[in-house]
Amino acid sequence: MNSIVITTLETERLILRPPTLSDAEAIERFVSDRRVAETTALIPHPYPPGGAAEWIDRAERAWQEGRIAAFMICLRGDGELVGAIALAKTPEEEVELGYWIGVPHWGNGYATEALRRVLEYAFDDLSLKRLATYHFAHNPASGRVMEKAGL
C-alpha cells in the first residue's frame, strides 16, 4: 500500500469517501453504541469524547503515508453517513480490512456492498496480493457479509 492516492469510490447505492472533521459527530454517535463497539477490535466502549476527531486526523496522516485507506460509507443522494471501512497496514506489513455500520443501518446490505467495492479497489487499484480480515464468533452477521463479498 505504498503511494496510494486519496480517492473516492462509488457503488450503486453508496459513496465511499475519505473522512473529514465534519463526520466526527456522526461517527461518535454510531460508535458510542455498545453494539457497534462489540463488533470491532479497535473501537473502545465507552468511546471517548473527541475520539472521532483524533481518529480522522490519524487516518488522514496515515493515508498520506500509505499506511491506511479509510473510507466513510455514505448513502448516494443525501450523503448520510452509515459506517466506515478501511484497509490498514499492520506493523508486520500485512494489510487488514475492517468495517462497521451504525446500528440504525444494519440489515440493509451496506457492509457487503462497501466491502465488495473496497476489495476491488485493494486488488485492482492497489495491486494487493492478499489481505486479512476476521470477525468475532459472537458476530456471525459479519461472517455472512464477508462470505457474500467473496471471502
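Let me sum up the structure you'll find in this document. (Residues numbered from 1 in each chain as written. Predicted model: local features only at pLDDT ≥ 70, side-chain atom pairs only at ≥ 80, totals over all residues. Heavy atoms only, no water.)

## Concerning the overall build of the protein
What counts, and what does not: In this description a helix means any DSSP run of H or I spanning at least four residues, a strand means any run of E spanning at least two, and both kinds are numbered starting from the N terminus. Throughout, radius of gyration means the C-alpha value; the globule benchmark is 2.2 Å times the number of residues raised to the power 0.38. Residue contacts are defined here by distance: any two heavy atoms, one from each residue, within 4.5 Å place the two residues in contact. Here the accessible surface of atoms and residues is derived via Shrake-Rupley with a 1.4 Å probe, and residues count as covered only by protein chains that are part of the display. Residues scored as charged are limited to Lys and Arg (positive) and Asp and Glu (negative), so that His and the chain ends carry no count. The atom standing in for a charge is NZ when the residue is Lys, CZ when it is Arg, CG when it is Asp and CD when it is Glu.
The number of helices and strands found in the protein is five helices and five strands. If you list the helices and strands of the protein from N to C, you get β-β-α-α-α-β-β-β-α-α. Whereas a compact globule of 151 residues would reach a radius of gyration of roughly 15 Å, the protein reaches 14 Å, a difference of no more than 12%. Seen through its principal axes, the protein has C-alpha atoms that stretch 35 × 35 × 30 Å. Here the analysis covers contacts within the protein between residues at least 6 apart in sequence; of these, 60% occur between residues at least 24 apart. Put simply, the protein shows about 8,300 Å² of open surface, and 50% of that area lies on carbon and sulfur atoms. Counting 16 positive and 22 negative side-chain charges, the protein places the averaged centre of each group 3 Å from the other.

## Quick look at the side chain of D23
Positionally, D23 belongs in the loop between β2 (14-17) and α1 (24-31). Setting aside chain neighbours within four positions, we find D23 in contact with R17, P18, I56, M72 and L81.

## Focus on the sheet that holds strand β3 (residues 68-75)
Short version of the rule: Any two strands are treated as partners once DSSP identifies two or more bridges connecting them. Comment: axis = line fitted to C-alpha atoms, over the contacting stretch for helices; angle = value between 0 and 180 degrees taken between N-to-C directions.
Spatially, β1-β2-β3-β4-β5 is the arrangement adopted by the five strands of the open sheet, whose pairing is antiparallel. In this open sheet, the two strands that pair with only one neighbour each are β1 (9-10) and β5 (95-101). The pairing of strand β4 (residues 81-89) with β5 spans seven bridges and is antiparallel. Looking at the pairing, A88 lines up with E96 of β5. Those strands touched by α1 are β3, β4 and β5, and its axis lies near 90° from that of β4.

## Quick look at the environment of A149
When you line up the elements, A149 lands in the segment after α5 (140-148). Taking C-alpha positions, A149 is 17 Å from K129, a pair spaced 20 residues apart along the chain. Not counting residues within four places of it along the chain, the set of residues in contact with A149 comprises T112, L115, R116 and L119.

## Remarks on the pattern of salt bridges
Spelled out, the test is: In the sections that follow, a salt bridge refers to a side-chain nitrogen of Lys or Arg positioned within 4 Å of a carboxyl oxygen of Asp or Glu. Using a 1.4 Å probe on the protein chains alone, a residue whose accessible area is under 20% of its type maximum counts as buried, one over 50% counts as exposed, and one in between counts as partly exposed.
Summed over all chains, the structure comprises eight salt bridges. Ionic pairing is found between R76 and E10, a salt bridge with its closest N-O pair at 2.5 Å. Taken as a pair, R76 in the loop between β3 and β4 and E10 in strand β1 lie far apart in primary sequence, 66 residues in all. The partly exposed category is assigned to R76, whose relative accessible area is 36%. The partner of R67 in a salt bridge is E65, with the nearest N and O atoms 2.7 Å apart. Relative accessible area serves as the criterion here: at 42%, R67 is assigned to the partly exposed category.

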